[in-house]
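Report on the structure
Below are the chains, spelled out letter by letter.
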Amino acid sequence: MKAITHRLLLLSGAILGSGMPTLVQAQTTTAETTGQQSRAQQLMGDITPKLAELTDDVLLGDVWERPGLAKRDRSLITVAALIALNRPEQLRSHMQLARRNGVTETEIVEAITQLAFYAGWPNAISAVGVAREVFHPKSEAE
């Protein structure tokens, strides 16, 4: 059986809002070599094994790896889509990923402002709250 490259996903914080864990791309590894399940398999494989497989193989293994767009651009597009769809649970982790992929806070703020007029004011206001959490996380001492 050929080795399949899987992306490990990190759980970003606790279970948020919708009751679904939020996923963040982390590092590439060969699951068969390490003997470990991918994060998608850990988070949803027991309930939806096919969705976890599609997440690993298609979304992360193919779509995010296509050479037509830089990961930075894919992150900005994903953040914009999640703002427009008002999906704060997934937006949080994708804003964090966008920052790691080179999207600046200023660019995220500009995207939120632009989308207020195209995707709705309430969606933009919700995104501001998520951005505040991502840009200025509370210290554990508080």
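The structure reproduced in this document is the subject of the present report. All figures in this text were calculated on a predicted structure; none of them were measured in a lab.

One can describe the packing of helix α6 (residues 105-118) onto helix α7 (residues 121-135) by two numbers: an axis separation of 7 Å at closest approach and a directional angle of 165°. By the angle between their directions, the pair α6 and α7 is classed as roughly antiparallel. With respect to the hand of their crossing, α6 and α7 are arranged in left-handed fashion. Two secondary-structure elements touch here, α6 through E105, I108, V109, I112, A116 and F117 and α7 through W121, A124, A127, V128, A131 and F135. Taken together, the residues of the contact of α6 with α7 break down into 11 nonpolar, no polar and one charged.

Moving on, we come to the nonpolar core. V79, I83, L91, M95, I108 and I112 are the most contacted members of the largest nonpolar core, which totals 17 residues. Residue assignment for this core shows that the elements contributing at least two residues are α4 (71-84), α5 (88-100), α6 and α7. Among the elements that line this core, the one with the most residues is α7, at six residues. Residue contacts for I83: discarding those within four places in its chain leaves L91, I112, L115, N123 and A127.

This paragraph deals with α7. Residue pairs three or four apart in sequence face the same way in an α-helix, which turns once every 3.6 residues. With 15 residues, α7 extends 21 Å from end C-alpha to end C-alpha; this agrees with the ideal 21 Å at 1.5 Å per step. Every buried residue of α7 is accounted for by N123, A124, A127, V130, A131, V134 and F135. Down the axis of α7, the sector holding all buried residues measures 125°, keeping them to one side. Exposed side of α7, more than 90 degrees from the buried face: W121, P122, I125 and R132 are the residues found there. Of the surrounding elements, those touching the buried residues of α7 are α4, α5 and α6.

The rules behind these values
Residues numbered from 1 in each chain as written. Predicted model: local features only at pLDDT ≥ 70, side-chain atom pairs only at ≥ 80, totals over all residues. Heavy atoms only, no water. Axes fitted to C-alpha atoms, helices over the stretch in contact; angles between N-to-C directions. Helix = DSSP H or I, 4+ residues; strand = E, 2+ residues; numbered from the N terminus. Parallel < 35°, antiparallel > 145°, perpendicular 65-115°, else oblique. Left-handed = near helix turned anticlockwise from the far one by under 90°. Contact = heavy atoms within 4.5 Å. Nonpolar A, V, L, I, M, F, W, Y, C, P; charged D, E, K, R; others polar. Core = buried A, V, L, I, M, F, W, Y, C linked by side-chain atoms within 4.5 Å. Buried < 20%, exposed > 50% of the residue type's maximum accessible area, 1.4 Å probe, protein only. Expected span 1.5 Å × (residues − 1). Arc of directions from axis to C-beta.

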